[in-house]
Amino acid sequence: MTSSPPRPEDPNPSAATAAPGGPPPHVAHPQRVRSFVTRAGRTTTGQAKALAELGPRFVLPFQQTKLDLAAAFGREAPVVLEIGFGMGDATAHIASLRPDENFLCCEVHEPGVGALLKRIGEMGLTNIRILQHDAVEVVDHMLEASTLASIHIFFPDPWHKKRHHKRRLIQPPLVAKLAQRLIPGGYLHCATDWQPYAEQMLEVLTAEPLLENTAAGYAERPAYRPETKFERRGLKLGHGVWDLVFRRRAAVP
Ligand SMILES: C[S@@+](CC[C@H](N)C(=O)[O-])C[C@H]1O[C@@H](n2cnc3c(N)ncnc32)[C@H](O)[C@@H]1O
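These numbers were taken from a predicted model, which means no experiment stands behind them.

Asker: Pulling in residues and values, what's your account of the sheet that holds strand E4 (residues 148–154)?
Answerer: The mixed open sheet is built from 7 strands, whose spatial order is E3-E2-E1-E4-E5-E7-E6. Of all the strands in the sheet, the pair left with one neighbour each is strand E3 (128–131) and strand E6 (211–213). If you compare each strand with its neighbour and ignore which way they point, the axes differ by 20 degrees on average. As judged from the 3 bridges shared by E6 and strand E7 (residues 242–248), these two strands associate in the antiparallel manner. Residue pairing in the sheet places Asn213 in a bridge with Phe246 of E7. Lying over the sheet, helix H6 (residues 172–181) contacts E4, strand E5 (182–192), E6 and E7, oriented at roughly 140 degrees with respect to E5.

Asker: I'd love a proper account of the environment of Arg39, names of residues and values included.
Answerer: With respect to the helices, strands and loops of the structure, Arg39 is situated in the segment before helix H1 (45–58). For the pair Arg39 and Val108, spaced 69 residues apart in the sequence, the C-alpha separation amounts to 9.3 Å.

Asker: Describe the nonpolar core, and please don't skip the residues or the numbers.
Answerer: Ranked by internal contacts, the top residues of the largest apolar core, which has 57 residues, are Cys105, Leu116, Leu188 and Met201. Contact partners of Cys105, with chain neighbours within four places excluded, come to Glu82, Phe85, Thr91, Leu116, Ile128 and Ile130.

Asker: How would you sum up the pairing of E5? Please name residues and give values.
Answerer: With 8 of its 11 residues buried, E5 lies for the most part within the structure. Note that E4 and E5 share 6 bridges and pair parallel. Of the residues in E5, the one forming a bridge with Ser150 is Tyr187. In terms of handedness, the path from E4 via H6 over to E5 forms a crossover that is right-handed. Across 6 bridges, E5 lies against E7 in antiparallel orientation.

Asker: Mind laying out the UniProt feature "binding site: substrate" (unreviewed entry) in the protein chain, listing which residues take part and the relevant values?
Answerer: Mapped onto the present numbering, the UniProt feature "binding site: substrate" (unreviewed entry) falls at Lys161, Asp193, Thr228, Lys229, Phe230 and Glu231. Along the chain, Lys161 turns up in the loop between E4 and H6. Given 10 C-beta atoms within 10 Å, Lys161 falls into the exposed group. Assignment of secondary structure puts Thr228 in the loop between E6 and helix H8 (229–236). On the basis of neighbour counts, which here come to 22 C-beta atoms within 10 Å, the residue Thr228 falls in the buried class.

Asker: If you had to explain helix H3 (residues 89–97) to someone new, which residues and values would you point to?
Answerer: Inspection of H3 places Ala90, Thr91, Ala92, Ile94 and Ala95 among the buried residues, and these make up the whole buried set. In the core, the buried residues of H3 are packed alongside strand E1 (79–83), strand E2 (102–106), helix H4 (110–123), E3 and E4.

Asker: Please give an account of the UniProt feature "binding site: S-adenosyl-L-methionine" (unreviewed entry) in the protein chain that cites residues and values.
Answerer: The UniProt record annotates "binding site: S-adenosyl-L-methionine" (unreviewed entry) at Glu82, Glu107, Asp134 and Asp157. What stands out for the annotated residues spanning 76 residues is how close their C-alpha atoms remain, the widest pair being 14.1 Å apart. Here Glu82 is to be found in strand E1. Examined against the element boundaries, Glu107 turns out to sit in the loop between E2 and H4. Apart from the residues within four sequence positions on either side, Glu107 is in contact with Gly84, Phe85, Gly86, Gly112, Val113 and Gln132.

Asker: I'd like to hear about the environment of Gly186, residue by residue, with values.
Answerer: The topology assignment puts Gly186 in strand E5. Given 22 C-beta atoms within 10 Å, Gly186 falls into the buried group. Once the C-alpha coordinates of Gly186 and Ala149 are considered, the two residues, 37 residues apart in sequence, prove to be 4.7 Å apart. Other than its neighbours up to four places away in sequence, Gly186 contacts Leu148, Ala149, Ser150, Arg247 and Arg248.

Asker: Could you give me a rundown of the packing of H3 against H4, with the residues and numbers involved?
Answerer: Running from N to C, H3 and H4 cross one another at 35 degrees; their axes reach a closest spacing of 9 Å. The element H3 and its partner H4 pack so that their crossing is right-handed. Note on element contacts: H4 touches H3 through Leu116, Arg119, Ile120 and Met123, opposite Thr91, Ala92 and Ser96. When its residues are assigned to classes, the contact of H3 with H4 shows 4 nonpolar, 2 polar and 1 charged.

Asker: Describe H4, naming the residues involved and giving the relevant values.
Answerer: With 14 residues, H4 extends 20 Å between its outermost C-alpha atoms, agreeing within 8% with the 20 Å of an ideal straight helix rising 1.5 Å per residue. Restricting attention to buried positions, one finds in H4 the residues Gly112, Val113, Gly114, Ala115, Leu116, Leu117, Lys118, Arg119 and Ile120. Each element contacted by the buried residues of H4 is listed here: H1, H3, E2 and E3. Residue Gly124 follows H4 closely and has a positive phi angle near 65 degrees.

Parameters at a glance
- Residues numbered from 1 in each chain as written.
- Predicted model: local features only at pLDDT ≥ 70, side-chain atom pairs only at ≥ 80, totals over all residues.
- Pairing = 2+ DSSP bridges.
- Helix = DSSP H or I, 4+ residues; strand = E, 2+ residues; numbered from the N terminus.
- Axes fitted to C-alpha atoms, helices over the stretch in contact; angles between N-to-C directions.
- Contact = placed C-beta atoms within 7 Å.
- Core = buried A, V, L, I, M, F, W, Y, C linked by C-beta atoms within 7 Å.
- Buried ≥ 20, exposed ≤ 12 C-beta atoms within 10 Å, placed from the backbone.
- Right-handed = clockwise from strand over helix to strand, strands pointing away.
- UniProt positions renumbered as here; feature names shortened; annotations may be inferred.
- Left-handed = near helix turned anticlockwise from the far one by under 90°.
- Nonpolar A, V, L, I, M, F, W, Y, C, P; charged D, E, K, R; others polar.
- Expected span 1.5 Å × (residues − 1).

The structure is reproduced here in structure tokens:
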């Protein structure tokens, strides 16, 4: 969704009061490379209303401690983690198709969060919870090993330019953590319309010892994944679409 050049990182505010022996106040601490840049985007009146009215029920605060998933959803059910749901079209569609599963959905862009909340209200969905936070930190801090039934990452930002490739989500360190958070037999489903990123995904997922491919290479689009608006635009531009579905093994072979 975003391919504009990233803005310089904000200086770390804590650097202004550096501890003795630490860096001088004008030197920012190195920050982790993120897979997104904060975009200005207009929140519509309907999205703002949904944020105000439904946010308190469906948006969970980020926390530095493990999340009690059953308590967060008010029931025990298999949990699907979605990273970067955009405007939430696919999320709402899949959550309505699969009412017996709980969907924990991360997105940093506020209008997208408002859009999904609006859909939740319109469709009467109860099996979605949203984290408006960097999913990498959510995985690191809030999710325990062997707790997720599935993970969906649909059309993550491709970061076309070589110097931005380090921002791509699908890289070995995150994939190793995701594999470890899945239950044995759980699946990780990625999709992209950018061939070089599809090739990187295939290479990285294949190299992760805890995962095994469910297909010989790329997978057929599973029936639950609808075509998104973003994807249709790509198809019109003549892009292909690649799905990858890998399962977590019981143990490293
Ligand atoms: C290209 S869009 C695709 C959106 C949607 N999945 C679709 O198929 O239309 C990628 C989305 O991922 C979000 N994103 C990127 N990195 C993220 C992160 N670390 N945590 C949460 N959301 C992230 C972006 O804000 C953006 O909305």
